[in-house]
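Now for the letters of each chain:
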Amino acid sequence: MIIPTSYEELAGYVEGEKSVFFFTADWCGDCRFIKPVMPEIEAEFPEFKFIEVDRDKFIDLASQWTIFGIPSFVVTDHGKELGRLVNKDRKTKEEITAFLKSVR
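Break down the pairing of strand β4 (residues 80–85) for me, citing the residues and quoting the values.
In the sheet, strand β3 (residues 72–77) pairs with β4 via five bridges, with the strands oriented antiparallel. Bridge pairing in β4 places Val-74 opposite Arg-84. Counted between consecutive antiparallel strands, the loop separating β3 from β4 contains two residues, among which His-78 sits at a positive phi close to 50°.

So what's going on with the side chain of Thr-76? Residues and values would help.
As for its position among the elements, Thr-76 is in strand β3. If we ignore the near neighbours within four places in the chain, the residues touching Thr-76 are Tyr-13, Val-14, Glu-17, Lys-18, Ser-19, Phe-21, Trp-65, Glu-81 and Leu-82.

Mind laying out the packing of aromatic side chains, listing which residues take part and the relevant values?
In the structure shown here, the tally under the stated rule is six aromatic pairs. Aromatic side chains Tyr-7 and Phe-58 sit 5.0 Å apart centroid to centroid with 85° between the ring planes, which places their arrangement in the edge-to-face category. Of this pair, Tyr-7 sits in helix α1 (residues 7–15) while Phe-58 sits in the loop between β2 (49–54) and α4 (59–64), placing them 51 residues apart in sequence. Among the residues examined, Phe-58 registers a relative accessible area of 3% and is labelled buried. Between Phe-48 and Phe-50, the ring centres sit 6.4 Å apart and the planes meet at 80°, which makes this aromatic pair edge-to-face. By the burial criterion, Phe-48 is buried, and Phe-50 matches it. Over the ring of Phe-33 we find Arg-90, and its NZ or CZ is 4.0 Å from the ring centre.

Tell me about the pairing of strand β1 (residues 19–24), and please be specific about residues and values.
Most of β1 is tucked away, with six of its six residues classed as buried. On β1, burial covers both faces: Ser-19, Phe-21 and Phe-23 on one face and Val-20, Phe-22 and Thr-24 on the other are all buried. The pairing of β1 with β2 spans six bridges and is classified as parallel. Opposite Thr-24, over in β2, you have Asp-54 as the bridge partner. The pairing of β1 with β3 spans five bridges and is classified as antiparallel. Among the inter-strand pairings, Phe-21 is bridged to a residue of β3, identified as Val-74.

I'd like to hear about the nonpolar core, residue by residue, with values.
Ranked by size, the top nonpolar core spans 17 residues in total, and within it Leu-10, Phe-21, Phe-23, Val-53, Trp-65, Ile-67 and Ile-70 carry the most contacts. Put simply, the parts of the chain that give this core at least two residues each are α1, β1, β2 and α4. Here this core gets three residues from one element, more than from any other, and that element is α1. For Ile-67, the contacting residues outside a window of four places in its chain are Phe-23, Arg-55, Ala-62, Ser-72, Val-74, Arg-84 and Val-86. Formed by 15 residues, the second largest nonpolar core is a distinct cluster that contains Ile-41, Phe-45, Leu-85 and Val-103.

Rules used throughout
Residues numbered from 1 in each chain as written. Predicted model: local features only at pLDDT ≥ 70, side-chain atom pairs only at ≥ 80, totals over all residues. Heavy atoms only, no water. Pairing = 2+ DSSP bridges. Helix = DSSP H or I, 4+ residues; strand = E, 2+ residues; numbered from the N terminus. Contact = heavy atoms within 4.5 Å. Phe/Tyr/Trp six-rings, centres within 6.5 Å; stacked < 30°, edge-to-face > 60°. Buried < 20%, exposed > 50% of the residue type's maximum accessible area, 1.4 Å probe, protein only. Lys NZ or Arg CZ within 6 Å of the ring centre and 35° of its normal. Core = buried A, V, L, I, M, F, W, Y, C linked by side-chain atoms within 4.5 Å.

Below you can see the structure in the form of structure tokens.
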């Protein structure tokens, strides 16, 4: 999982090849629930770069992308959004896997 430190770095991933943006926060219980299985999900989808976005650190991006619930996932490819799994609900490994299969 890539953890960017600046908006410029994030922009590079948005403009690059297929990336999964995982919006999370330290205080988010549902984020802590899914985080331990993220390495398994990453291994299952090697065609994607996985970017962990701290919603609080990058609040302007979260607002611009309408990320009001976390954990949430947005997939981009060369600046184009391919899909999003964005809501305030807890997500399971199965839900995330099905979502990523749908945007391959």
